[in-house]
Amino acid sequence: MPSVLITGASDGIGRALVECYRSKGWTVIAHGRRQASRVAPQLPAQVKYVEADLNMPTEDTIARVAQATPDSLDLAILNAGMGVVAPPERTTPAQINDMIAVNTTAPLLLAQALFPRLQAAQGKLTFIGSTAARGAHRDFAVYAATKAALSGAARSLRLEWEGRVPVQIIHPGPTATGMHDKAGLGDIAARKYFTAPDRVARAIETAIEGDKPSVRFGPLFMLRHAIAGSRT
Ligand SMILES: NC(=O)c1ccc[n+]([C@@H]2O[C@H](COP(=O)([O-])OP(=O)(O)OC[C@H]3O[C@@H](n4cnc5c(N)ncnc54)[C@H](OP(=O)(O)O)[C@@H]3O)[C@@H](O)[C@H]2O)c1
């Protein structure tokens, strides 16, 4: 069976992706920051869990995550991420560093570490970006910058690794996960239109099956979700 590493699989979109790939019979290696004892009951049986804090990760931490995967890995979905909603003049240096470390530095270090395993399987590398990488959003300047940086890196890696490991970036739009509460987003009215994580996970799975280097779940995707949601 093919194998997939999903980072940030202890919650939200990552956890929904675990369900998608397990239901297809894939071997799933799920990464999260929370302790295994807290996550295991929520994950499907047979999923291997690797616990690692990706904020300022050491070489050992990155190696531990990579070594939890098979020598020949078919797919890596680098999804772990975080945000802080704050006006730019009140975002602290620590918050800026945390967002850069988790959203940009960690996926790039993991991409390096996983490259030989992905190449061995003729596997694929998929980053999870955000529609926030384009456009402008109040209180999201640093988060948007971390995802825009990831987007730029994905374009260059795609060129560097052409013929060896295909590199893709997928940009979901607003999704109804716990990320917004963790980030400090208030109870804004727009939240009722956020897409459900299982729907986003299925759309990510479909995008990964395709060969587009960059996929964005833009307004049309959100509109289709809102209409489907109003019918259920
Ligand atoms: N939700 C949205 O509207 C939205 C929109 C566009 C893109 N995205 C992107 O989609 C991805 C998943 O987001 P989500 O909405 O599913 O968020 P979520 O529900 O908060 O899940 C985030 C995952 O990342 C992990 N994570 C966070 N900080 C970490 C750290 N320091 N070390 C290791 N793991 C860490 C979390 O682990 P713990 O919970 O164990 O800390 C969790 O498993 C992120 O890259 C996010 O930027 C989200």
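My aim in this report is to walk through the structure given alongside it, one point at a time.

Rules and cut-offs
- Once a new chain begins, its residue numbering starts again from 1 and follows that chain's sequence as written.
- At least 70 in pLDDT is required for a residue's local features to be given in this predicted model, at least 80 for side-chain atom pairs to be given and counted, and no such filter applies to totals for whole chains, interfaces and linings, which use all residues.
- Excluded from the side-chain calculations are hydrogens and water; all other atoms, namely the structure's heavy atoms, are used.
- Note on ring pairs: Phe, Tyr and Trp rings are taken, using the six-membered ring of Trp, and paired if centres are within 6.5 Å. Classes follow the plane angle, with under 30 degrees stacked, over 60 edge-to-face and the rest tilted.
- Burial status follows relative accessibility: with a 1.4 Å probe on protein chains alone, a residue under 20% of its type maximum counts as buried, one over 50% as exposed, and anything between as partly exposed.
- Lines fitted to C-alpha atoms define the axes, with helix axes restricted to the stretch in contact, and inter-axis angles between N-to-C directions lie between 0 and 180 degrees.
- For the purposes of this entry, the term helix denotes a DSSP run of H or I that reaches at least four residues, the term strand denotes a run of E that reaches at least two, and both are numbered from the N terminus.
- Note on terminology: angles under 35 degrees are roughly parallel, angles over 145 are roughly antiparallel, angles of 65 to 115 are roughly perpendicular, and the others are oblique.
- Crossings are classed by handedness, with left-handed meaning an anticlockwise turn of the near helix from the far one by less than a right angle and right-handed meaning a clockwise turn.
- Note on contacts: a residue pair is in contact if any heavy atoms of the two residues lie within 4.5 Å.
- Gly falls in the polar group here, along with every residue not listed as nonpolar (Ala, Val, Leu, Ile, Met, Phe, Trp, Tyr, Cys, Pro) or charged (Asp, Glu, Lys, Arg).

## Describing the packing of aromatic side chains
Move 1: Throughout the structure, instances matching the rule amount to four aromatic pairs.
Move 2: Each ring, one from Y21 and one from W26, has its centre 4.9 Å from the other, and the planes form 70 degrees; the classification is edge-to-face. The residues Y21 and W26 share a single accessibility class, namely buried.
Move 3: Look at F217 and F221: their rings are 4.7 Å apart centre to centre, the planes differ by 25 degrees, and that puts the pair in the stacked class.

## Comments concerning the packing of helix α3 (residues 59-67) against helix α4 (residues 93-120)
Move 1: Contact geometry of α3 with α4 gives a least axis separation of 9 Å together with a crossing angle of 45 degrees. Comparing their axes, α4 and α3 come out oblique. Read as a crossing pair, α3 and α4 show a hand that is right-handed. Counted together, I62, V65, A66 and Q67 of α3 and A106, L109, L110, A113, L114 and R117 of α4 form the full contact between these two elements.
Move 2: Per-class residue counts for the contact of α3 with α4 are eight nonpolar, one polar and one charged.

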